[in-house]
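Structural characterization, general
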Amino acid sequence: MATSIGSLDSCKPTNNNVGCPPQNGTASVHDSHPPSTIVSSDATLGRHLARRLVEIGVQDVFSVPGDFNLTLLDHLIAEPGLTNIGCCNELNAGYAADGYARARGVGACVVTFTVGGLSVLNAIAGAYSENLPVICIVGGPNTNDYGTNRILHHTIGLADFSQELRCFQTVTCFQAVVNNLEDAHEQIDTAISTALKESKPVYISISCNMPGIPHPTFSREPIKFAISPRMTNKMGLEVAVEAAAAFLNKAVKPVMVGGPKLRVAKAHEAFVEFADASGYAVSVMPSAKGHFPETHPHYIGTYWGAVGTAYCGEIIESADAYLFAGPIFNDYSSVGYSLLLKKEKAIIVQPDRVVIGNGPSFGCVLMKDFLQALAKRVNKNTTAYENYHRIFVPEGQPVKCQPNEPLRVNIMFQHIQKLLSADTAVIAETGDSWFNCQKLKLPEGCGWCCRYEFQMQYGSIGWSVGATLGYAQSVPSKRVIACIGDGSFQVTAQDVSTMIRCEQKSIIFLINNGGYTIEVEIHDGPYNVIKNWNYTGLVDAIHNGEGNCWTTKVRTEEELTEAIATATGEKKDCLCFIEVIVHKDDTSKELLEWGSRVSSANSRLPNPQ
């Protein structure tokens, strides 16, 4: 059965060739009426692309203008349902599309040829690593310049225009170079549908002289997408469930752990259903925080080895069976490959595959179907949770600050915790904010609605500024709370300007500790020290009296309390920028542990040849 594009299931094509529709998944777009012989003046490629973006749920595109995309931008902003958000640079435009896709399910950015495309490339690579469907649109060369051996500006000085395309081929799941109106409709539709099915970015290059030319293929309303959803093999499902149920039901103290690919698999509800039916202790990997309701009675915290929630690692690693749903194991999530897990005890459930211990692997089995079916076959077993409850000791409270004592980071996050509600979202930048934000308890109403985001797999410092812009633009009803280190902020600070222009009301906590703290704890050196800025002064200069923005600098708990009261009171409808001055060595104990283990993994000597 076909589904509308707004409620797609994952469907993986087997062909990534440029301009070639994927096999095994894309339903053809048919029109039972012959093309009209009279072409309307607004039946253009630009209008078709704009309508397609609106149809899939994109209401804002993040762009940087350049001469190759200006005409295309004219057509995009002419679409009533689409708003152009001009960014200060392409990298932030890509990060904003990433943040937008996390909340909305899909995002889009528009840049110019090569000089813009290669600038946005890093953000698109991050979206690829995080399984986010981002439509990256590039204004390309004039169609008359292809094959002429001419050298164009914005290129590296070669007559070969394929450099940009070749760079994008490794970080997108489909690439379309649109320089012919005859197949433009098909190429655009194939690219967009592939992004949604794969949950990965795609690249669309559109020649600069094409967006405004009418063509019969764009003469009517776009035909609705009809994409065949991926289906579970019923026989494979039955066998996989039978094997998994036998594996788990013979275990004494099984547990379950959610991973970041729960989002790709759209299996959040199924994971909760299995948790309810099984009674197992439930944990999530750090990059899956926010994908399971933390108010669930059997939730025990973040499984992150030695730096996860207290007592969680002990329960997971001492279990005699563990079910991982959608995990990504890398050196960061495994704390330098130090997790004490055994493959023979694990059931690994990926979006379309199940692997049981050292034994069988079952393909064509969708995660949500598997978890729902397994929930009906598994015996209730609360032993692991009872063990956790037995050994659990409540967290101690940080030592209270004395009056006018310099503010400590653990005290700051106590106050951020009190800010959280169903009407907030948290963005955590790469660095110590990873570890401090992991300890925040997400309130009821956040659940798995992706109200907590950070970029763990790619870990690009500076990501959070653009992501905050995109996320806040996508969910204007939420107040985004961003925790950003000073080193990261220096990479992408400019687009605070765009937040002000878009009248966003986020609260940014700028943690000023004088350097790249996460790098310090992995391997210290003079390169980790940065030039200190007057960050509030910088944001005031960007504000320049235009728009709603409020800044303050705090050094003590009393000043922080007053700043938060102002940000949530009289300045609740403003962008609020709170610079927090802390000691350069004030870090979480988790970062200290994690940094030493990652350093050890990085410094392993070469194996003998």
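See the structure above.
**A few points about the overall build of the chain**
The secondary structure content of the chain amounts to 21 helices and 19 strands. The C-alpha atoms of the chain give 25 Å as radius of gyration, which agrees with the globular expectation for 609 residues (25 Å, within 12%). By its C-alpha atoms, the chain is 75 × 65 × 60 Å across when sized along the principal axes. Counting over 609 residues, the chain shows a buried share of 57%. Considering only intrachain contacts with a sequence separation of at least 6, the fraction spanning at least 24 residues in the chain is 77%. One way to put it: in the chain the 48 positive side-chain charges average out to a point 6 Å from where the 60 negative ones average out.

**Digging into the nonpolar core**
Counting residues in hydrophobic clusters, the biggest one holds 57 residues, and the most contacted among them are Phe62, Ile124, Val134, Phe168 and Phe489. Ignoring any residue separated from it by four or fewer positions in sequence, one finds isoleucine 124 in contact with Cys109, Val134, Cys136, Phe168, Val171, Thr172 and Pro201. Core analysis: the second largest hydrophobic core is formed by 41 residues, Cys401, Phe454, Val554 and Ala567 among them.

**Some details on the state of the cysteines**
Within the structure shown, the criterion is met by 0 disulfides. Sulfur of cysteine 109: no disulfide; nearest cysteine sulfur belongs to cysteine 136 and is 4.0 Å away. Exposure remark for cysteine 109: the relative accessible area of 0% places this residue in the buried category.

**Notes on the side chain of lysine 478**
Note on placement: lysine 478 falls in the loop between helix H15 (463-474) and strand E16 (479-485). Buried charge without a salt bridge: lysine 478, with aspartate 423 as the nearest opposite-charge side chain at an N-O distance of 4.6 Å. Within the structure, lysine 478 has its side chain in polar contact with the backbone oxygen of alanine 422 (distance 2.2 Å). Beyond its immediate chain neighbours, meaning those up to four positions away, lysine 478 contacts Ala422, Asp423, Thr424, Arg451 and Lys505.

**A few points about the pairing of strand E14 (residues 424-428)**
In terms of residue burial, E14 counts as a mostly covered element, since 5 of its 5 residues are buried. Both faces of E14 are covered, namely the face carrying Thr424, Val426 and Ala428 and the face carrying Ala425 and Ile427. Alignment of E14 against E16, held across 5 bridges, turns out to be parallel. The residue bridging alanine 425 from the neighbouring strand is valine 480, located in E16. When E14 meets strand E15 (residues 452-453), the two strands line up parallel, connected through 2 bridges.

**A look at the sheet that holds strand E9 (residues 299-302)**
Pairing is mixed in the open sheet, where 7 strands are placed in the order E9-E8-E7-E10-E11-E12-E13. Each having just a single partner strand, E9 and strand E13 (361-363) make up the two edges of the open sheet. Pairs of neighbouring strands in the sheet enclose a mean axial angle of 15°, with direction left out of account. Summarising the sheet, strand E11 (residues 346-350) and strand E12 (residues 353-356) pair through 4 bridges and their orientation is antiparallel. Each bridged residue has a counterpart across the sheet, and for isoleucine 347 the counterpart in E12 is isoleucine 356. Sheet strands in contact with helix H9 (residues 268-278) are strand E7 (255-258), strand E8 (281-284) and strand E10 (322-325), and its direction is about 165° off that of E7.

**A word on the side chain of histidine 48**
Here histidine 48 shows up in helix H1 (residues 45-55). A polar atom in the side chain of histidine 48 sits 3.0 Å from the side chain of aspartate 189.

**Here's the deal with H15**
Because an α-helix packs 3.6 residues into every turn, residues spaced three or four apart end up facing the same way. Spanning 12 residues, H15 covers 16 Å between terminal C-alpha atoms, matching the ideal 16 Å at 1.5 Å per step. Considered for burial, the residues of H15 that qualify are Trp463, Ser464, Val465, Gly466, Ala467, Thr468, Leu469, Gly470, Tyr471, Ala472, Gln473 and Ser474.

**Remarks on the sheet that holds E16**
With respect to topology, 6 strands assemble into an open sheet ordered E15-E14-E16-E17-E19-E18, the strand pairing being parallel. The open sheet terminates on both sides in strands that have one partner only, identified here as E15 and strand E18 (549-554). Across the sheet, helix H19 (residues 535-543) lies against strand E17 (507-512), E18 and strand E19 (575-581), angled at about 170° from E18, the strand it touches most.

**Comments concerning the pattern of salt bridges**
Pairing of side chains with opposite charge becomes possible as their charged atoms draw close. Taken as a whole and judged by the stated rule, the model has 15 salt bridges. Aspartate 160 serves as the salt-bridge partner of arginine 166, at 3.8 Å between the closest nitrogen and oxygen. The class for arginine 166 is partly exposed, based on a relative accessible area of 47%. By relative accessible area, which is 45% here, aspartate 160 ends up partly exposed. The salt bridge partner of glutamate 453 is arginine 263, with a shortest N-O separation of 3.0 Å. Placement of the pair is glutamate 453 in strand E15 and arginine 263 in helix H8 (residues 262-265), with a sequence separation of 190 residues. This pair shows no difference in class: glutamate 453 is buried, exactly as arginine 263 is. Shared partners join several salt bridges into a network, and the residues in it are Asp98, Arg102, Glu130, Arg263 and Glu453.

Conventions adopted
- Residues numbered from 1 in each chain as written.
- Predicted model: local features only at pLDDT ≥ 70, side-chain atom pairs only at ≥ 80, totals over all residues.
- Heavy atoms only, no water.
- Helix = DSSP H or I, 4+ residues; strand = E, 2+ residues; numbered from the N terminus.
- Rg over C-alpha atoms; globule rule 2.2 N^0.38 Å.
- Buried < 20%, exposed > 50% of the residue type's maximum accessible area, 1.4 Å probe, protein only.
- Contact = heavy atoms within 4.5 Å.
- Lys, Arg positive; Asp, Glu negative; His and termini not counted.
- Charge placed at Lys NZ, Arg CZ, Asp CG, Glu CD.
- Core = buried A, V, L, I, M, F, W, Y, C linked by side-chain atoms within 4.5 Å.
- Disulfide = S-S within 2.5 Å.
- Salt bridge = Lys/Arg side-chain N within 4 Å of Asp/Glu carboxyl O.
- Polar contact = N/O pair within 3.5 Å; in protein donor to acceptor, adjacent residues only side chain to side chain.
- Pairing = 2+ DSSP bridges.
- Axes fitted to C-alpha atoms, helices over the stretch in contact; angles between N-to-C directions.
- Expected span 1.5 Å × (residues − 1).

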